[in-house]
Amino acid sequence: MKTSIAISLVYLLTGLSNILADNYLEQLDKSFYAEYAVMKMEMHKDNKMMRHYEMEYYRQGDKMRMEFTAPATEKGRRMLNDNTSLWMYLPRTSKIMKLPFKQSFMGSDASNTDLMRMSFRNDYEIETVSNQGKGIVVLYLKAKNAEVAYDKTVVEFDTRKKVPIKQEMYSISGKLIKTIFYENPILVDGLYFPSTMIIKEELQKNTETKIYYSDIRKKTNRPAEYFTLGALKR
Amino acid sequence: MKTIKRIVISFILVLGLASNISLWSQDQSLSYQVILETKGEYNNLDRKSKINPDNWMNIGDFAALSQLYPILQFNSRSGDLATRLGVEANLRSYNFEKDSTRLLIQELYSQFTFKDKHYFVFGKKRLDWGSGMIWNPTNFFIQKDPLRTQNRLEGIFMLNYSYLFSESAISIYLFPDKKKENFKAAIKYDYSKDRIDAAVSFVEYGKYQQVGLDLSYGGNLFTFYGEGVLRNFSKSYKIDDNNILQIPDNRKKTFSSEFVVGGSVVFNMHLSFRGEYRFREDYLDKSQIRLFENQLPDNLMIWDAISVSKHTLFASFDYRDTYSRWSANLRTFYDPLSNQLIVSPLGVLTMNNFQIEASTIFYNNKLSIHNFQSTILLSCFF
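Residues numbered from 1 in each chain as written. Chains lettered and ligands numbered in written order. Predicted model: local features only at pLDDT ≥ 70, side-chain atom pairs only at ≥ 80, totals over all residues. Heavy atoms only, no water.

## Brief notes about the overall build of chain B
Thought 1: Broken down by element type, chain B carries 2 helices and 20 strands.
Thought 2: A compact globule built from 382 residues should have a C-alpha radius of gyration of about 21 Å, and chain B, at 23 Å, falls within 12% of that.
Thought 3: Across its three principal directions, the C-alpha atoms of chain B cover 65 × 50 × 50 Å.
Thought 4: Burial analysis of chain B (382 residues in total) assigns 48% to the buried set.
Thought 5: A separation of at least 24 residues holds for 53% of the contacts in chain B among residues at least 6 apart in sequence.
Thought 6: In the form shown here, chain B has an accessible surface area of approximately 18600 Å², with 61% of it arising from carbon and sulfur atoms.
Thought 7: Between the averaged position of the 44 positive side-chain charges in chain B and that of its 39 negative side-chain charges there is a distance of 3 Å. (Helix = DSSP H or I, 4+ residues; strand = E, 2+ residues; numbered from the N terminus. Rg over C-alpha atoms; globule rule 2.2 N^0.38 Å. Buried < 20%, exposed > 50% of the residue type's maximum accessible area, 1.4 Å probe, protein only. Contact = heavy atoms within 4.5 Å. Areas by Shrake-Rupley, 256 points an atom, 1.4 Å probe, with all protein chains shown as cover. Lys, Arg positive; Asp, Glu negative; His and termini not counted. Charge placed at Lys NZ, Arg CZ, Asp CG, Glu CD.)

What follows is the structure, given as structure tokens:
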């Protein structure tokens, strides 16, 4: 009898912890989700800005589309990610190029998957959760399959504002590859959105990429067809 | 004919402007860009060239080309309806000579979009078909310069309707021409799912037809693509086994194929490789190349600086710095039947408002006009 109760309690607690873990991943995904924003990206080395880009980005579910508005040499370039493929539209030739998914994004410390990453919930499962107090938890995540860019990732999560604070990405060998700091959470439609991302490449010191989001909207009216290859070149 | 042309251009402009202005109170934008390209070129000629013996073509050692591209786009959106008027002009001048200045309208079109599903285009617009980076046999209308694929090309006058599904699109094209026999029509179906893109196209050109197929696959660190056509006409000259030159219109009207296969690999964040192979069934074989060489320069119209035969190979290594500000590229073209070989290093510096390209093209074959050509191209973006 006592054993049965103990086993039932274990199952109940496991189930509850799974639900709780899933909630954290869902909250993480929600904190990043906005259907429109203006992005400014700056690449720094030794505290000197090497390049910058400005983009408009649209998102719907797991599809994202970007259009470059600055600098002048990149203006009009567009990118589309439908979570399986990545394409770039070049306005000078009206050509669409297919890009490798794991390529660095425009030479930054971010990869295409970092910026256009769609879902923690789909890509990771929580191994452990550590409570740091003051509403901060640390989530230890493991990739669900080899297709995911980083085998392990550790996320410091603010449970009160429901936004990440810091994320560390590790390779299969356990080496720290990248660290992302999330700053300046702003309230958009009742939810906080981290409006600043600072990406530090751990394998190359003194380099970082800063991304600033503004004019954020959680919902737009773009139809699904806007996020297709056909619409990208039109 | 000039009057008709003026009427058509005016109609496109009025249609585009009117639709934009009528939606003025809604979401609208005007975007513009001006690009100035200035190219300086040095030609080191082969005086013993079979194509150009003693430089009878009178090619100068130095040449310059300036091109100014003003580009305008009016966009407006009101609910489910979006409109666009696109204009791109090209003002070009050779060797900075006033008499050589030409104005060309590269694009002038109105585009109407309904619910982001229905697209109507009327006017002159660039058409990009095919996944190949260097060669696109499926693109019946416009071919790139293999030695500078990023050139801004002239569009083609068209009426186009496209319907977009969630994973595919169907497009119908009409290409009117002042000569009735040059009227063309086309239909194209594009499909994209998971990592595969595919397209099937059909072009009707008077009594001639072309069927095309295009496939590409994108991996994490590589892409692979192929496109090919079957057509019952030729766009090229050929020399037959009796040493007689055949012009395109008189060539035998049997179906022949042309295809390209290629791919790219990313080794790391700096280094990548791209390769393509092209096959053209209706081009010269080895015996015909010998005939062609022996009859030069009489059969000059067959000549192509890159390749005159059925087979052409392209390979390119690209190295770029961490921030994509500069890149170094080594490109090679090789025709194994005619033994035409081109090796071209290229350096590109890209800053926020300008880009500099410096390249030298080395020609290593007897079927060449040059020993080498050196080019510097400065592009300014405003």
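## Some remarks on the interface of chain A and chain B
Thought 1: Chain A puts 48 residues into the contact, and the matching count from chain B is 60 residues.
Thought 2: Of the roughly 4100 Å² buried at the junction of chain A and chain B (both faces included), carbon and sulfur atoms supply 50%.
Thought 3: On the chain A side of the contact with chain B, Arg92, Lys95 and Arg234 of chain A bury the most area, a combined 20% of that side's loss.
Thought 4: Our count for the chain A to chain B interface comes out at 3 salt bridges.
Thought 5: Here Glu225 of chain A and Lys117 of chain B are joined by a salt bridge, their closest N and O atoms 3.0 Å apart.
Thought 6: Where chain A meets chain B, there are 17 residue pairs in polar contact (both at pLDDT 80 or more).
Thought 7: If you list the elements that add at least two residues to the side of chain A that touches chain B, you get strand E1 (36–45), strand E2 (48–60), strand E6 (95–99) and helix H4 (229–232) of chain A.
Thought 8: Ranked by the residues each element gives to the side of chain A that touches chain B, the list is headed by E6 of chain A, at 5 residues.
Thought 9: Among the residues making up the side of chain A that touches chain B, the classes are represented as 17 nonpolar, 15 polar and 16 charged. (Buried area = accessible area lost by both parts, 1.4 Å probe. Salt bridge = Lys/Arg side-chain N within 4 Å of Asp/Glu carboxyl O. Polar contact = N/O pair within 3.5 Å; in protein donor to acceptor, adjacent residues only side chain to side chain. Nonpolar A, V, L, I, M, F, W, Y, C, P; charged D, E, K, R; others polar.)

## Quick word on the packing of aromatic side chains
Aromatic ring pairs are described here by two measures, namely the spacing of the ring centres and the angle between the planes.
Thought 1: Summed over the entire model, instances satisfying the criterion amount to 33 aromatic pairs over all chains.
Thought 2: Taken together, a centroid distance of 5.4 Å and an interplanar angle of 85° make the contact between Tyr226 of chain A and Phe227 of chain A edge-to-face. No difference in accessibility class separates Tyr226 of chain A from Phe227 of chain A, as the two residues are buried.
Thought 3: One aromatic cluster in this structure is built from Trp129, Phe140, Phe141, Tyr173, Phe175, Tyr205, Tyr208 and Phe233 of chain B.
Thought 4: Across the ring face of Tyr226 of chain A, the terminal group of Arg65 of chain A is positioned such that the distance to the ring centre comes to 3.9 Å.
Thought 5: Across from the ring centre of Tyr283 of chain B, 3.5 Å away, lies the NZ or CZ of Arg280 of chain B, which sits over that ring. (Phe/Tyr/Trp six-rings, centres within 6.5 Å; stacked < 30°, edge-to-face > 60°. Lys NZ or Arg CZ within 6 Å of the ring centre and 35° of its normal.)

## Quick look at the pairing of strand E17 (residues 326–335) of chain B
Residue and element names in this part refer to chain B.
Thought 1: Going residue by residue along E17, you find Ser327, Asn329, Arg331, Phe333 and Asp335 tucked away on one face and Trp326, Ala328, Leu330, Thr332 and Tyr334 left uncovered on the opposite face.
Thought 2: The pairing of strand E16 (residues 311–320) with E17 spans 8 bridges and is classified as antiparallel. Within the sheet, the bridge partner assigned to Ala315 lies in E17 and is Thr332.
Thought 3: Between E16 and E17, which pair antiparallel one after the other, the connecting turn spans 5 residues, and Ser324 there sits at a positive phi close to 55°.
Thought 4: Here E17 pairs with strand E18 (residues 340–350) via 10 bridges, running antiparallel. Bridge pairing in E18 links Ser327 to Val348.
Thought 5: Connecting the antiparallel pair E17 and E18 is a turn made up of 4 residues, with Asn339 showing a positive phi of about 60°. (Pairing = 2+ DSSP bridges.)

## Thoughts on the nonpolar core
Thought 1: Ranked by internal contacts, the top residues of the largest apolar core, which has 47 residues, are Leu28, Tyr57, Phe120, Leu139, Leu141 and Tyr213 of chain A.
Thought 2: With residues up to four places along the chain from it excluded, the contact list for Leu28 of chain A reads Phe120, Leu139, Val155, Phe157 and Pro164 of chain A.
Thought 3: Tyr173, Phe175, Ala186 and Phe233 of chain B belong to the second largest nonpolar core, which has 13 residues in total. (Core = buried A, V, L, I, M, F, W, Y, C linked by side-chain atoms within 4.5 Å.)

## A few points about the environment of Tyr191 of chain B
Thought 1: Along the chain, Tyr191 of chain B falls in strand E8 (residues 184–193).
Thought 2: In this structure, Tyr191 of chain B is in contact with Glu167, Ser168, Ile196, Asp197 and Ala198 of chain B, ignoring residues within four places of it in sequence.

## Quick notes on the pattern of salt bridges
Thought 1: Taken as a whole and assessed by the stated rule, the structure comprises 28 salt bridges over all chains.
Thought 2: In this structure, Glu26 of chain A and Arg121 of chain A form a salt bridge, with 3.9 Å as the shortest nitrogen-oxygen distance. Placement of the pair is Glu26 of chain A in helix H1 (residues 2–32) and Arg121 of chain A in helix H3 (residues 120–123), with a sequence separation of 95 residues.
Thought 3: Ionic pairing is found between Glu154 of chain B and Lys124 of chain B, a salt bridge with its closest N-O pair at 2.5 Å. Taken together, the residues span a long stretch of sequence, with Glu154 of chain B in the loop between strand E5 (118–125) and strand E6 (156–164) and Lys124 of chain B in strand E5 at a distance of 30 residues.
Thought 4: Connected through salt bridges with shared partners, the residues Glu88, Glu107, Arg126 and Arg152 of chain B form a single ionic network.

## Some details on helix H2 (residues 286–294) of chain B
All names here are of chain B.
Thought 1: Listing the buried residues of H2 in full gives Gln288, Ile289, Phe292 and Glu293. The arc enclosing the buried residues of H2, seen along the axis, measures out at 140°, which places them on a common side.
Thought 2: Here the buried face of H2 lies against strand E12 (238–239). (Arc of directions from axis to C-beta.)

## Quick word on the environment of Ile134 of chain B
Residues and elements named next belong to chain B.
Thought 1: Of note, Ile134 is situated in the loop between E5 and E6.
Thought 2: We classify Ile134 as buried; its relative accessible area is 6%.
Thought 3: C-alpha separation for the pair Ile134 and Gly275, spaced 141 residues apart in sequence, amounts to 9.4 Å.
Thought 4: Once residues within four sequence positions are removed from consideration, Ile134 is found in contact with Lys144, Pro146, Thr149, Glu276, Phe314 and Phe333.

## Examining the confidence of the model for chain B
Thought 1: On average, residues of chain B score 89 in pLDDT, and 93% of them are at 70 or above.
Thought 2: For this predicted complex, the interface score ipTM comes out at 0.85, alongside a pTM of 0.87. (pLDDT = per-residue confidence, 0-100.)

## Comments concerning the side chain of Asn44 of chain B
All names here are of chain B.
Thought 1: Note on placement: Asn44 falls in strand E1 (residues 27–45).
Thought 2: At 3.4 Å, the side chain of Asn44 forms a polar contact with the side chain of Tyr42.
Thought 3: Ignoring anything within four residues of it in the chain, the contact list for Asn44 reads His370, Asn371 and Phe372.

## Considerations on the pairing of E5 of chain B
Residues and elements named next belong to chain B.
Thought 1: In the sheet, strand E4 (residues 102–114) pairs with E5 via 7 bridges, with the strands oriented antiparallel. Residue pairing across strands places Phe112 opposite Phe120, the latter belonging to E5.
Thought 2: Where E4 folds back on E5, the antiparallel hairpin that results is connected by 3 residues, among which Lys115 adopts a positive phi of roughly 55°.

## Section: the environment of Ala70 of chain A
Residues and elements named next belong to chain A.
Thought 1: Turning to its location among the elements, Ala70 is positioned in strand E3 (residues 63–70).
Thought 2: For Ala70, a relative accessible area of 14% gives the class buried.
Thought 3: On a C-alpha basis, the gap between Ala70 and Thr209 in space is 16 Å, while along the polypeptide they are 139 residues apart.
Thought 4: Discounting residues that sit within four places of it in the chain, Ala70 has contacts with Tyr53 and Glu54.

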